[in-house]
Amino acid sequence: MDSATSDRPAASGRAALSDTADNGLKIVVVGGFGVGKTTMVRSVSEIRPLNTEETMTRAGEAVDHLDGVQSKTSTTVAFDFGRITLDARSVLYLFGAPGQERFWFLWDRLFSGTLGAVVLVDTRRLADSWYAIDRLEHHGTPFIVACNDFGGPLHSEQQIREALDLSDDVPLVECDARDRSSSKYVLITLVEHLAELSAARMRAAGANAPEAALAAAAPTPEPAP
């Protein structure tokens, strides 16, 4: 898949961050090797993204599995970083995790302080996304799944959910990581999912409030004589 992106801002410099911005929100894009994480961060960031891509060499042939991505010539060795201004006070920081198994030890640190995550998948290689989902569930990090368009065979939503063992409450969307509007749609879907989870927690807390208040107001039994 060509990593060229569409609808990019014309400005080549870095957009200045407003002095009023004091609320930083963090989202991580994870997934298997070569699923388009760097491409997604690059397509949607308002600044020139920080990429830690290095040229792939023969030294990595024994450890990097290139099935389905034989044309890949570079790879992320630390993380990608982009930024999106939401309003005068809130900024979204976007981190793309490295995909090779030998760099997975970095993931737990990237998950620290994360509101939620996008699991980007290539439907030709669904098994490559199992580890990402496992680690997110281990950390209790909310996530959605986005199927990047590589022009492979079509699968039904149910087939993908079964292959990834996804519960019905995890959003599953299709996207083209090269396209800015498509990547924005993925992030909006994640934010809406996070808002729904937050609202559900508030409703649950409100429903339990009367019971908690009654328990607190109940007189303490006196000890038996």
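Here the structure is a predicted model, which means the values were calculated and not measured. (Residues numbered from 1 in each chain as written. Predicted model: local features only at pLDDT ≥ 70, side-chain atom pairs only at ≥ 80, totals over all residues. Heavy atoms only, no water.)

Some points on the sheet that holds strand β7 (residues 143-148)
Ordered in space as β4-β5-β1-β6-β7-β8, the six strands form an open sheet in which the pairing is mixed. Two strands in the sheet have a free side with no partner beyond their single neighbour: β4 (80-85) and β8 (172-175). Across the sheet, the axes of successive neighbouring strands diverge by a mean angle of 25°, strand direction being ignored. Strand contacts of helix α1 (residues 37-44): β1 (23-31), β4, β5 (90-96), β6 (116-122) and β8, with the helix running at about 30° to β4, the strand carrying the most contacts. Strands in contact with helix α3 (residues 130-139) are β1, β6 and β7; relative to β6, the strand with the most contacts, it is inclined by about 165°. (Pairing = 2+ DSSP bridges. Helix = DSSP H or I, 4+ residues; strand = E, 2+ residues; numbered from the N terminus. Axes fitted to C-alpha atoms, helices over the stretch in contact; angles between N-to-C directions. Contact = heavy atoms within 4.5 Å.)

Section: the packing of aromatic side chains
Scanning the model with the defined rule gives two aromatic pairs in all. Here the aromatic rings of F81 and Y93 are separated by 5.8 Å at their centres, their planes lie at 20°, and the arrangement is stacked. Pair noted here: F81 is in strand β4 and Y93 is in strand β5, with a separation of 12 residues, a long-range link. By relative accessible area, which is 25% here, Y93 ends up partly exposed. Aromatic rings pair up to connect F81, Y93 and F95 into one cluster. Taking the ring centre of F95 as reference, the NZ or CZ of K26 above it sits at 5.0 Å. (Phe/Tyr/Trp six-rings, centres within 6.5 Å; stacked < 30°, edge-to-face > 60°. Buried < 20%, exposed > 50% of the residue type's maximum accessible area, 1.4 Å probe, protein only. Lys NZ or Arg CZ within 6 Å of the ring centre and 35° of its normal.)

Overview of the pairing of β8
In terms of strand pairing, β7 meets β8 through four bridges, oriented parallel. Paired with N148 across the strands is C175, a residue of β8. Read as a crossover between parallel neighbours, the route from β7 over helix α4 (residues 157-164) to β8 is right-handed. (Right-handed = clockwise from strand over helix to strand, strands pointing away.)

Regarding α3
For α3, the complete set of buried residues consists of A132, I133, R135 and L136. For α3, the angular spread of buried residues about the axis comes to 165°, placing them on one side. Two residues or fewer after α3 comes G140, characterised by a positive phi angle close to 70°. (Arc of directions from axis to C-beta.)

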